[in-house]
Each structure stands twice: as C-alpha cells, then as structure tokens.
Amino acid sequence: MLRDAIRSLAEAKIAPYAAAVDEDARFPQEALEALVANDLHAVHVPEEYGGAGADALATVIVIEEVARVCASSSLIPAVNKLGSLPVILSGSEELKKKYMTPLAKGDGMFSYCLSEPDAGSDAAGMKTKAVRDGDHYVLNGVKRWITNAGVSDYYTVMAVTDPTKRSKGISAFVVERSDEGVSFGAPEKKLGIKGSPTREVYLDNVRIPADRMIGEEGTGFATAMQTLDHTRITIAAQALGIAQGALDYAKGYVQERKQFGKPIADFQGIQFMLADMAMKISAARALTYQAAAASERGDADLTYQGAAAKCFASDVAMEVTTDAVQLLGGYGYTRDYPVERMMRDAKITQIYEGTNQVQRIVMARNLP
Ligand SMILES: Cc1cc2nc3c(=O)[nH]c(=O)nc-3n(C[C@H](O)[C@H](O)[C@H](O)COP(=O)(O)OP(=O)(O)OC[C@H]3O[C@@H](n4cnc5c(N)ncnc54)[C@H](O)[C@@H]3O)c2cc1C
C-alpha cells in the first residue's frame, strides 16, 4: 500500500518536472511541496516529535519510489534522514524536541556536514575546529560537498574539539543557517543529481550555545559513522530506484522500437540484457531490504550490511542504467529520453556516503 501510494504521487507530482530540474539544475521545489503535503519528506522522524514514525524499510521504499522517477528529489527524504539521524541517535531530549519537530512539520530541512576539501575518504582528517568559550562553542572551517546546503535550515556539523585525539577528538553540533558567520559557496556544476544543490558551507567564527553539541564531547565521529551505517541503506534505496526506473523505461521502449521488421524486444540478445538487468535489481533489492531490517533491529552486523547494500546496489544501478542507454541506441544517448539522466544520476551512488572502495574496506573489516 505504501509503495502504491508513493508511486502514484511520484508519477503525478514529481516525474513531470524531473527532466526540467536536471536541465536547469534547479532545486525540485514541486517535489518538496508534494512530499511535505503528503508527510513523506522526512518519514523517519519518530511520532513523539510529530513525525510519521516510518521504520527503516518503509523509509527505503519512499526513497526508492521517488528515485525511480527523479533521483534529485529522492535526496529530500534521504538527506533529511542523514542530517537528523545524529540528533536522533545521540542528541539530548531537548535537541530532539527542538529540531525534530520543525523537520517533521516540513518547516526546515537537515543537512550533514562531514566532508571537507582535504578530508573525504579520510573524514577523520578534518580541520574544522570548535573551541569552547564559556557556555558557547566557536566554530571555524570549511565543509565541502554538502547536499542541500543553502536550502536546509539545520546542519549537523562534525568539528575537531581536541586535535590531539584524531577521531576521538571530534564532536558533533547542530548549526542553523541563520547563525551569524554561516555562509555558502556557489552550487557545484555536477554530472548528475543536478537538482540537488551541493555547496561548500563556510563557518566563520560561528558562536553557538554549548547545548547544541550532539552527545558528549569527543563522540561526534562515532555518531557520524553510526549514522552512515543506517543511511548507506538509503543510498542503496536511491540506487535501486534509479535502476528500476531505467529498466521500466527500457522495457517499454524495446516493445515499441522496430528494426528488421519487428520490435527489437523480439531479439534474444535484447531479452537477455533485460533479464540480466531485472536479475541484478532483484538481488540488490533483497540485499537492501535485508539491510533495512538489520538497521531497524540494530543488528550487530549492521556496519557490514549497510556497506554491502550500498556498494552492491550502486554498482547495479551503474550497470543497469548503462545497459538501458544501450537498449535505446542513439536515442538513449540524448536528453530527449530519461535513461541518459538516470545513467548520470546513478554514478553518484558509487561515490557519496563513502566511495565503493571505502565500502569494501568497511566490509573487509567487518566480515560476517
Ligand atoms: C554530489 C555530492 C554530494 C555529497 N554530499 C555530501 C554531504 O551531504 N555531506 C558530506 O559530508 N559529504 C558529502 N559528499 C562527499 C562525499 O562523501 C565524498 O566526496 C566521498 O566520501 C569521497 O571523498 P573525496 O571526494 O574527497 O575523494 P577521495 O577521498 O579523495 O578519493 C579519491 C579516490 O581515491 C579512492 N580512495 C581513497 N582512499 C582509499 C583507500 N584507502 N583505498 C582505496 N581507495 C581509496 C576513493 O575511493 C576515490 O576513488 C558529497 C559528494 C558529492 C560529489
């Protein structure tokens, strides 16, 4: 029922704008409005803060169905979870009430600020600093590649509070867009997910109350990594949705397109490609849903499962979307058909929330 409801909404209110959002590299405002109107913009927020209280699998299905028609739009529910999960996992009750309530209402989105210009895969090498000053912390530094930066009202920022302790000297904070000293770079000019703004976030002597720290001092990096264990599954969901969208489009196209006097779907070479695409998507879906269940239960092997689902589903998305372009021939290579956009959008799922090389490092360290 959930899938049917989201699919109808996505096809009616999000899909019609997907090509324009990509072409003009503009924020998918129509999608945000449709998602907020239907309480689907941040479904993971618990009911006690006014949220829909969706479990990890339901959240995955929402993201998957939105990504099936528009990957950029699927970053609204996905990054709202990524940005706010540190507060849900480790924040004080006051912080949860203060920030989860407006998020649930659709009054403000959340972004997640871990990466920096010189700290990507090695995120613990970050340089952004937070220095205690009485009842406040003062933050200085540059966060890079921040999804929905400038649009979001709230930012979870990881910063060094004790430079002698590397990852154990990192703390997490909630920073607000309206805090003095917060500003943003120009949107990055990207290959795909062009509707999702990615900007640098500049923190210039940003003075925030000490109670905006998420959890204890020195626990920020652990919270950030624990968050990714859960949210890599949402990237797997995004990848899965993109792949399914490409397969669905290609499946229809090959029945219409005629060469050598018959639909190209009649050629076994085409049928085998479609069979392989469907098979890979089924395997990615099984792994992703299994990981979502592990996330909901808090299974001991969640770190492995989240990395495996993200890595596998994103590799599948890249293969399937590339094959979808192939199935449309020359037409697939143009922006007149959606599979070209889907192929460009798929690529990012192999890179963010840890590249697939990093996922393999994570899996190798946590073999089941
Ligand atoms: C569109 C977009 C949106 C993003 N959104 C966010 C966001 O909202 N918040 C946020 O904090 N970050 C975000 N990121 C950052 C993203 O998570 C990083 O780009 C990613 O983790 C890789 O870091 P890097 O770009 O510095 O690459 P690097 O770490 O420089 O890696 C370069 C290459 O080296 C490989 N490599 C690095 N170390 C190893 C190793 N030990 N073994 C094998 N290979 C290795 C990598 O896999 C990669 O292929 C986003 C990035 C993009 C492009």
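Here is what the cut-offs are and how they apply
- Residues numbered from 1 in each chain as written.
- Predicted model: local features only at pLDDT ≥ 70, side-chain atom pairs only at ≥ 80, totals over all residues.
- Heavy atoms only, no water.
- Helix = DSSP H or I, 4+ residues; strand = E, 2+ residues; numbered from the N terminus.
- Expected span 1.5 Å × (residues − 1).
- Bend = angle between axes of the 7 residues up to and from the residue.
- Buried < 20%, exposed > 50% of the residue type's maximum accessible area, 1.4 Å probe, protein only.
- Contact = heavy atoms within 4.5 Å.
- 1 Å grid on protein atoms, 1.4 Å probe; cavity = no way out; pocket = protein on both sides within 12 Å on 5 of 7 lines; lining within 4 Å.
- Points joined across faces, edges and corners; volume = space filled by probe spheres on them.
- Nonpolar A, V, L, I, M, F, W, Y, C, P; charged D, E, K, R; others polar.
- Near = heavy atom within 4 Å.
- Polar contact = N/O pair within 3.5 Å; in protein donor to acceptor, adjacent residues only side chain to side chain.
- Areas by Shrake-Rupley, 256 points an atom, 1.4 Å probe, with all protein chains shown as cover.
- Sits in = over half its atoms within 2 Å of the grid points.
- Core = buried A, V, L, I, M, F, W, Y, C linked by side-chain atoms within 4.5 Å.
- Salt bridge = Lys/Arg side-chain N within 4 Å of Asp/Glu carboxyl O.
- Patch = residues over 30% accessible without salt bridge, like charges linked within 9 Å, V, L, I, M, F, W, Y side chains within 5 Å.
- Lys, Arg positive; Asp, Glu negative; His and termini not counted.
- Charge placed at Lys NZ, Arg CZ, Asp CG, Glu CD.

Next up on the list: helix 1 (residues 2–23). In an α-helix, one turn spans 3.6 residues; hence positions three or four apart end up facing the same way. Between its first and last C-alpha, helix 1 extends 30 Å over 22 residues, near the 32 Å set by a 1.5 Å rise per residue. The largest bend along helix 1 reaches roughly 50° and is located at I14, with the proline P16 sitting one to four residues downstream. Those residues of helix 1 lying buried are I6, L9, A10, I14, A18, V21 and D22. Residues of helix 1 that are buried in the fold lie against helix 2 (29–37), helix 3 (56–69), helix 4 (71–90) and helix 10 (338–348). A positive phi of about 45° marks A25, the residue just after helix 1.

Which parts of space are left empty comes out when a probe the size of a water molecule is rolled across the atoms. Estimated volume of the largest pocket: approximately 1,000 Å³. For the lining of the largest pocket, the secondary-structure elements that each account for two or more residues are helix 4, strand 3 (136–147), helix 6 (220–256) and helix 11 (356–365). It is helix 6 that provides the largest number of residues to the lining of the largest pocket, a total of 7 residues. Here the lining of the largest pocket is composed, by residue class, of 20 nonpolar, 10 polar and 8 charged. Considering only enclosed or pocket space, the second largest pocket measures out at about 300 Å³ in volume. Every residue lining the second largest pocket is counted, 19 residues in all, and those nearest its centre are A18, V69, P338, R341 and M342. At the level of secondary structure, the elements contributing two or more residues to the lining of the second largest pocket comprise helix 1, helix 3, helix 6 and helix 10. A per-element tally of the lining of the second largest pocket places helix 1 first, with 7 residues. Within the lining of the second largest pocket, the residues separate by chemical class into 9 nonpolar, 1 polar and 9 charged.

Before going further, it helps to spend a moment on the site of the ligand. In the vicinity of the ligand lie 18 residues, with S115, S121, W145, T147 and T355 positioned nearest. The side chain of T147 places a nitrogen or oxygen atom 2.8 Å from a nitrogen atom of the ligand. One nitrogen or oxygen atom from the side chain of Q357 is found 3.0 Å from an oxygen atom belonging to the ligand. Here the ligand has 980 Å² of accessible area as a free molecule, and 65% of this is covered by the chains. Placement of the ligand is best described as lying within the largest pocket.

Turning next to the nonpolar core. Ranked by internal contacts, the top residues of the largest apolar core, which has 49 residues, are V254, L274, M277, I281, L327 and V339. Elements with a minimum of two residues in this core: helix 3, helix 4, helix 6, helix 7 (268–297), helix 8 (302–327) and helix 10. If one sorts the elements of this core by residue count, helix 6 sits on top with 13 residues. With sequence-adjacent residues up to four places away left out, M277 is seen in contact with L247, V320, D323, A324 and L327. F110, M126, A172 and F221 belong to the second-largest nonpolar core, a separate cluster that totals 27 residues.

A separate point is the side chain of R212. Here R212 shows up in the loop between strand 7 (198–209) and strand 8 (213–214). Assessed through its relative accessible area of 6%, R212 is described here as buried. One polar contact links the side chain of R212 to the main-chain carbonyl oxygen of V174, over a distance of 2.9 Å. In terms of polar contacts, R212 uses its side chain to reach the side chain of D179, at 2.9 Å. Look past the residues within four positions of R212 in its chain and what remains in contact with it is L95, K98, Y99, A172, F173, V174, V175, E176 and D179.

The first and last C-alpha atoms of helix 7 sit 43 Å apart over 30 residues, in line with the 44 Å expected at 1.5 Å per residue. Among all positions in helix 7, only I270, L274, M277, I281, A284, R285, T288, Y289, A291, A292, A294 and S295 are buried. On the buried face of helix 7, the contacting elements are helix 1, helix 3, helix 6 and helix 8.

It is worth spelling out the pattern of salt bridges at this point. Throughout the structure, instances matching the rule amount to 26 salt bridges. Salt-bridge contacts for R344 lead to E340; the nearest nitrogen and oxygen are separated by 2.8 Å. Linking R344 with E340, this pair stays in helix 10, spanning 4 residues, or about one helical turn. The pair formed by R344 and E340 is uniform in burial state, with each residue classed as buried. By sharing partners, the salt bridges in this structure join R3, R7, E64, E65 and R285 into a single network.

Judged by side-chain charge, E47, E48, E93, E94, D135 and D211 come together as a negatively charged surface patch. When you line up the elements, E47 lands in the loop between helix 2 and helix 3. Using a relative accessible area of 62% as the deciding quantity, one classes E47 as exposed.

Under the definition given, this model contains 3 cavities of 30 Å³ or more. The calculated volume of the largest cavity comes to roughly 40 Å³. If you trace the largest cavity, you find it lined by A18, V21, D22, C70, A71, S72, I193, K194, G195, R341 and D345. Breaking the lining of the largest cavity down by element, the ones donating at least two residues are helix 1, helix 4 and helix 10.

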